[in-house]
Amino acid sequence: MTQYKMHLLVCGGTSCGASESEQLFQNLKNEIIEKGLENEVQVITTGCFGFCEKGPIIKVLPDNTFYTQVKPGDATEIIAEHVIKGRRVNRLLYINPETKEAVSDSKHMGFYRKQLRIALRNCGFIDPENIEEYIARDGYAAIAKCLTEMTPAQVIEEMKKSGLRGRGGGGFPTGLKWEITSKSQADQKYVVCNADEGDPGAFMDRSILEGDPHSVIEAMAICGYCIGATKGVVYIRAEYPLAVERLKIAMKQASEYGLLGTHIFGTEFSFEIDIRYGAGAFVCGEETALIHSMEGFRGEPTIKPPFPSVSGYLGKPTNVNNVETFANVPVIINKGADWFASIGSEKSKGTKVFALAGKINNVGLIEVPMGTTLRDIIFEIGGGIKDGKKFKAVQTGGPSGGCLTEKHLDIAIDFDSLTAAGSMMGSGGMIVMDEDDCMVSIAKFYLDFTVEESCGKCAPCRIGNKRLNEMLEKICAGKGTMEDLDLLRNLSYVIKDTSLCGLGQTSPNPVLSTMENFYHEYLAHIVDKKCPSGQCKALLQYVIDEENCVGCTACARNCPVNAIAGERKGMHIIDQSTCIKCGACLEKCKFNAVFIK
Amino acid sequence: MTKITSLADLKSIKASVEAKVSLRERSETPESMVQIRVAMATCGIASGAKIVMDYMINELDKRNIPAFVTQTGCMGYCYAEPTIEVTRPGHQPLVFGFVDSKKADQIIEKYIKNGELLDGIIPVNYENIEGK
């Protein structure tokens, strides 16, 4: 049996691969065999370390040495010095940019890890169906502290001091919201958890409910204590069956332990939670629409004021917060507002969970302090763009947000900087696009979504978005005019200014931001009748190259609409008026004679 | 079920659970248990985490390896699902990605039995709130 004494972990992430990690891996292996160490030292490749800027990376176990920017040629030295003689290769150690000192031990390299998990602290760590594991991680200690040591006003003060802002999109200060609701007088008040996560590509709320449901239950009870509510309701989309199941299990366990119900922690405070299912309408993420849906009415928004904090669910004062917001609350109480406020940027405190999706290597759920740059998120944690393609844009904030480009990569992202850059935080979906994506089509994709999801109550949103979508369709079909561009912009502003709720007020953002940042792509579609990324089918032309065509007839035989004519062993021609741009000819041609113009 | 009616109750439950967990993780004795966490959020299950978890439970049992297999939520490595975290007694936890039954078999035979590492380990790339 082989018992290895030492392991060399070589980063096999795509970015490190691009900087010769494979050759490095081979060299290390060869060197080990040459020195006869193959039974003592094992070399393996790992996934991405999230530190791509300094790749390729090697981590040595068991001593935890961390080497950065290692070249294939360094293999000999690492084996000769570190492995055989036990001396670290100093020139390859990471230099801490702040202290200018070499850091050898990856345990002291916490700062290279750009992620900090607060809301996701227990996700992937505890068994969500076991309340004891949550308790072992300080679970329900925050509610105990609030009930036994603090007055509601003190808890609200702590929340205000922490600077926590609503993670569902708007970024409204949570403590302030609680304070306003606490001041409303009523015989009953409600705490509502908004788990109607609707942005395409965002799934952090689902993950929190699936991975750590107790944190949301605990936070709702804390909120109830603060505002004077004894009832909580979770509004969750029925499309999240596992989240619902785990939430129900958690609620049952909490009740069994006396952490929900009457006389919690031996005090006079009582709290219980109910679940309401949503059918998955995007507009129901808006507080007033959500409340109407909970009451059994159509999910349509109403004009604010009155705000839910005055008149909400069943006409009673209601405090609505989103799942991720709640997940932060117990930590703030346990660790203190000052601790929380020390993380993040000036006006946005704490961390934010982002769902990384699209053309990015490490698709996943990440949590970073507010103020982290897009560059760090995309090129370090995200491991860069898939297949070595060029970064073009990142869409944040879902259908209400906008596209950010290369020039925005270094802004420190928080609620305010994203808004200033013409996008928004939204719930934290981040869809990364590469050079192959057509920005006009992307705008159209989001408009398709909005048109589908508009509740239809107010005319600007219902009709305006439909018209915007039609204009985008026209442009993608190559029939757009310059007047359409002006109309597109004007109509966008009208919709923004006159819509009833947040859905309509933000729905033209994808159009406006792509027009702002990718005006040349709109021009290409309208003036040159070309789609620069080759995505808009109507603007493509499949053509056969005279030189390469040998007349094999493969294209003509496979064309589903018989648009290709030509004699055997003679030049073939595609009839553009019949061609449906299916691409079958391009796929079948073995001589590279078919190309896209 | 005894209800928690005071802070002291909560603390005593916390202490007893913590003791159980740390015994599992830190003990150096060979008979102490290997701990395996399977990321079982919707996305993990969709890519086969349930099958992997069942396989692990059955195979570890068949091969007489004392182990504690639990489910957990999303670890965040969606690109590498199914993901599992293996903690050998006295060792740092390691996360393995793209685990199917074949890979699970290798993890048992090579890593759990012999401490031999496998390609495709996912380095933990985040900090947790402890010590922060």
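Whatever comes next refers back to the structure up there.
Now for a description of the structure that goes with this document. Note that this is a predicted model, so its numbers are computed, not measured.

**Some points on the overall build of chain B**
Reasoning step 1: Secondary structure assignment for chain B yields 4 helices and 6 strands.
Reasoning step 2: When the elements of chain B are put in sequence order from the N terminus, they spell out α-β-α-α-β-β-β-α-β-β.
Reasoning step 3: Counting every position in chain B, which comprises 132 residues, the buried fraction comes to 38%.
Reasoning step 4: In chain B, of all internal contacts separated by at least 6 residues, the share reaching a separation of at least 24 is 64%.

**Comments concerning the nonpolar core**
All names here are of chain A.
Reasoning step 1: Among the nonpolar cores identified, the biggest contains 202 residues, and V216, M220 and I222 are the most heavily contacted of them.
Reasoning step 2: The element best represented in this core is helix α9 (residues 213–227), accounting for 10 residues.
Reasoning step 3: In this view, I222 contacts A142, I143, C146, V155, V329 and I333; residues no more than four positions away in its chain are not counted.
Reasoning step 4: Core analysis: the second largest hydrophobic core is formed by 14 residues, I544, A563, I574 and C589 among them.

**Notes on unusual backbone geometry**
Peptide bonds are mostly trans, and most non-glycine residues show a negative phi.
Reasoning step 1: Between K304(A) and P305(A) the backbone carries a cis peptide bond, its omega angle lying at -5°.
Reasoning step 2: Note on placement: P305(A) falls in the loop between α11 (287–294) and β11 (318–322).
Reasoning step 3: Look at the link from E81(B) to P82(B): it is a cis peptide, with omega at -10°.
Reasoning step 4: Inspection of the secondary structure assignment puts P82(B) in the loop between β2 (67–72) and β3 (84–87).
Reasoning step 5: Of note, the phi angle at L314(A) is positive, near 55°, even though the residue is not glycine.
Reasoning step 6: Here L314(A) shows up in the loop between α11 and β11.
Reasoning step 7: With 12 C-beta atoms packed within 10 Å, L314(A) lands in the exposed category.

**Examining the sheet that holds strand β16 (residues 429–434) of chain A**
Strands pair in a sheet through their backbones, by hydrogen bonds, and they do so in one of two ways: parallel or antiparallel.
Residues and elements named next belong to chain A.
Reasoning step 1: Strand order in this open sheet of 5 strands is β13-β12-β16-β14-β15, and the pairing throughout is mixed. Since the sheet does not close on itself, it has two edges, and those belong to β13 (364–369) and β15 (402–405), each with one partner. Across the sheet, the axes of successive neighbouring strands diverge by a mean angle of 30°, strand direction being ignored.
Reasoning step 2: Of the strand pairs in this sheet, strand β14 (residues 391–396) and β16 are connected by 5 bridges, and their pairing is antiparallel.

Parameters and conventions
Residues numbered from 1 in each chain as written. Chains lettered and ligands numbered in written order. Predicted model: local features only at pLDDT ≥ 70, side-chain atom pairs only at ≥ 80, totals over all residues. Helix = DSSP H or I, 4+ residues; strand = E, 2+ residues; numbered from the N terminus. Buried ≥ 20, exposed ≤ 12 C-beta atoms within 10 Å, placed from the backbone. Contact = placed C-beta atoms within 7 Å. Core = buried A, V, L, I, M, F, W, Y, C linked by C-beta atoms within 7 Å. Pairing = 2+ DSSP bridges. Axes fitted to C-alpha atoms, helices over the stretch in contact; angles between N-to-C directions.

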